[in-house]
Amino acid sequence: MDKTKSYDIPKKTVYEAYIAIKQNKGAAGIDGVSIAEFETNLKNNLYKLWNRMSSGTYFPPAVKAVEIPKKTGGTRTLGIPTVADRIAQMVVKMQFEPKVEKYFHADSYGYRPGKSAHDALDITRKRCWKYDWVLEFDIKGLFDNIDHELLNKAIRKHTECKWELLYIKRWLTAPFQRTDGQIINRERGTPQGGVISPILANLFLHYCFDKWMEREFPNNPWCRYADDALIHCTSEKQARYLRDRLETRFRECQLEIHPDKTKIVYCKDSNRVEEKENIEFTFLGYTFKPRKAKGHEDKVFTSFLPAISRKAKTNISEEICGWRLLWMTQKSIDQIAEGINPVIRGWLNYYGRYGKKELARVLDNINFHLMLWVQRKYKKCKHRPKKAYQYLLRIYEASPKLFAHWEVGISPLAG
């Protein structure tokens, strides 16, 4: 340790934090400095950051507040720290995360190493076959409303490191700065968009919800992905009781369950034939509901299964339209494929987990837009959709792996 410094923070850790931030990319903060600009004087910038953090004189700048439109209407505030501050947060995250991660519950999936949304969907799918009822809920404005006193109490339970405690406390109270320059002081919450925020949110909910469920309702399995969660129940009566208890518990922790995103759902299938009002729920972009399935000897039955949600389908369709392939006549078909394939692969990788036929229906829109592109690019196909379709079909037959969705069978031929 450098005896002139208050805290022993290795320079190597600061460099590793920079590498992690660079891989995550991200926009510039209030200083307007991008990662590329930060790198023009990288050695000096990293040294200054290390020097200030090691001496205890690092104070995070205000967080750039950006209003992001919600699909359901309204906006949510995303906080964008500066590049230097993101690196500083990563330094603390790398030291603090291992101390809390080992205590987190197996059914907490969001923002955790080695866990994914697919893991949460997999376990939910299996449990819906075992339990008749699901209580689905969402925490209203989690990142904006976390109580600092309760959170700091949880943090101190897991670390005694003075510089970790010091900088986390400073990040929690760093103000927002809007695009018009207005400064907004904060006394609650942790900015959504901060590097350290997801771990802090998970730690808060670990004590607010996870441990509480383990203690109060040990026989009710649950699954949580950040602030989106569900609990499996044996009866509607039990689900209603649990909802009431949950509302009380969150009030005690200064949080609130979102009233419009909380409901009790009956997992209807061939063995559960009662008529109930709610027989579907959406979790992590997948809608779970009764769907036809095939069993032994191709026997058809009703199972409670997930597939891409209606909202996700709409979002994908809107994005496909937004590509405006119709106006890309100056580009070749290869150039178009190169541009959109990364996005298509992302959809396939995430929404292709279950209900592939549902996903195929929406991705087939790409083929329709490609056909319109053919009609506009080639005069001989302009008013002849059948000829345009045949032309696209020839492209597919010559290069069946040209587009990512063609590779998995969502081709012009399938349409």
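Before reading further, recall that the structure is shown in the block above.
Treat the numbers as computed from the prediction; the structure is a model and nothing was measured.

The rules we used
Residue numbers run consecutively from 1 along every chain, following the written order of its sequence. Residue-level local features of this predicted model are given only where pLDDT is at least 70; pairs of side-chain atoms are given and counted only at 80 or more, and the full residue set underlies all totals for whole chains, interfaces and linings. As a rule here, side-chain values come from all non-hydrogen atoms in the structure, and water together with hydrogens is ignored. Here a strand is any run of E in DSSP of at least two residues, a helix any run of H or I of at least four, and the numbering for each starts at the N terminus. In this analysis, the protein atoms alone were mapped onto a 1 Å grid. Cavities are point sets where a 1.4 Å probe fits without being able to get out; pockets are open sets with protein on both sides within 12 Å along at least five of seven lines; lining residues have an atom within 4 Å of a point. Grid points are joined across faces, edges and corners, and a volume is the space filled by probe spheres set on the points. Charged residues are taken to be Asp, Glu, Lys and Arg, nonpolar residues to be Ala, Val, Leu, Ile, Met, Phe, Trp, Tyr, Cys and Pro, and polar residues to be all remaining types, Gly included. To form a nonpolar core, buried Ala, Val, Leu, Ile, Met, Phe, Trp, Tyr and Cys residues must be joined to one another through side-chain atoms within 4.5 Å. The classification of residues rests on relative accessible area computed with a 1.4 Å probe and restricted to protein chains. Under 20% of the type maximum is buried, over 50% is exposed, and intermediate values are partly exposed. Whether two residues are in contact is decided by their heavy atoms: any pair within 4.5 Å suffices. For a helix, the expected span equals 1.5 Å multiplied by the residue count minus one. Directions drawn from the helix axis to the C-beta atoms are what define this arc. Within this document, salt bridges are pairs made up of a side-chain nitrogen of Lys or Arg and a carboxyl oxygen of Asp or Glu, the two lying within 4 Å of each other.

Caption draft 1: Seen up close, unusual backbone geometry. Its identity as a non-glycine residue notwithstanding, Tyr111 has a phi of 55°, on the positive side. Looking at the secondary structure, you find Tyr111 in the loop between helix H4 (83-101) and helix H5 (117-130). A positive phi angle, close to 55°, is found at Arg324, a residue other than glycine. Considering the arrangement of structural elements, one finds Arg324 in the loop between helix H11 (310-323) and helix H12 (333-351).

Caption draft 2: Quick look at empty space enclosed by the protein. Counted by the stated rule, this structure contains one cavity of 30 Å³ or more. Taken as a whole, the largest cavity holds about 60 Å³ of empty space. Considering the residues around the largest cavity, the lining is formed by Val63, Pro81, Gln89, Trp171, Ala174, Thr190, Pro191, Gly194, Ile196 and Ser197. When grouped by side-chain class, the residues that make up the lining of the largest cavity number six nonpolar, four polar and no charged.

Caption draft 3: How the structure looks around the nonpolar core. In terms of nonpolar packing, the biggest core is built from 65 residues, with Ile87, Ile231 and Phe250 touching the most fellow members. For this core, the element with the most residues is helix H9 (residues 197-216), which contributes ten residues. Leaving out residues up to four positions away in the same chain, Ile231 has contacts with Trp133, Val134, Leu135, Phe137, Phe209, Met213, Asn220, Pro221, Trp222, Leu242 and Leu246. Core analysis: the next-biggest nonpolar cluster, separate from the first, contains 51 residues, Ala120, Phe283, Ile336 and Met371 among them.

Caption draft 4: Structural detail: the layout of surface pockets. Taken as a whole, the largest pocket spans an internal volume of roughly 1900 Å³. In terms of lining residues, the largest pocket is bounded by 48 residues, among which Asp138, Asp228, Lys261, Gly285 and Lys311 are the most central. In terms of residues, the lining of the largest pocket owes the most to one element, H11, which gives five residues. In terms of residue class, the lining of the largest pocket is built from 17 nonpolar, twelve polar and 19 charged. One number sums up the size of the second largest pocket: a volume of about 430 Å³. Forming the boundary of the second largest pocket are 22 residues, of which Asn24, Gly193, Gly194, Val195 and Pro198 lie nearest the centre. When contributions to the lining of the second largest pocket are tallied by element, the ones reaching two or more residues are helix H1 (11-24), strand S2 (75-80), H4 and H9. A total of four residues in the lining of the second largest pocket trace back to one element, the largest contributor, which is H4. A per-class count over the lining of the second largest pocket returns ten nonpolar, seven polar and five charged.

Caption draft 5: Main features of helix H3 (residues 42-55). Relative to the 20 Å expected for 14 residues at 1.5 Å per residue, H3 spans 20 Å between its end C-alpha atoms, a close match to the ideal helical length. If you check which residues of H3 are buried, you get Asn45, Leu46, Leu49, Trp50, Met53 and Ser54. Taken around the axis of H3, the buried residues stretch over an arc of 155°, which confines them to a single face. Those residues of H3 hidden inside the fold are in contact with H1, helix H2 (35-39), H4 and helix H8 (162-173). Just downstream of H3 lies Gly56, where phi reads positive at about 80°.

Caption draft 6: Representation of the pattern of salt bridges within the structure. Under the counting rule described, the total for this entry stands at 22 salt bridges. Arg249 is the salt-bridge partner of Glu252, the closest N and O atoms lying 3.6 Å from each other. Note that Glu252 and Arg249 are positioned in helix H10 (residues 236-252) at a spacing of three residues, about one turn of the helix. For Arg249, a relative accessible area of 16% puts it in the buried group. Taking the shortest distance from any N to any O, the salt bridge between Arg345 and Glu407 comes out at 3.9 Å. Of this pair, Arg345 sits in helix H12 while Glu407 sits in helix H15 (residues 404-407), and the two are 62 residues apart along the sequence. The class for Arg345 is partly exposed, based on a relative accessible area of 37%.

Everything listed here is a matter of geometry and, on its own, says nothing about what the molecule does.
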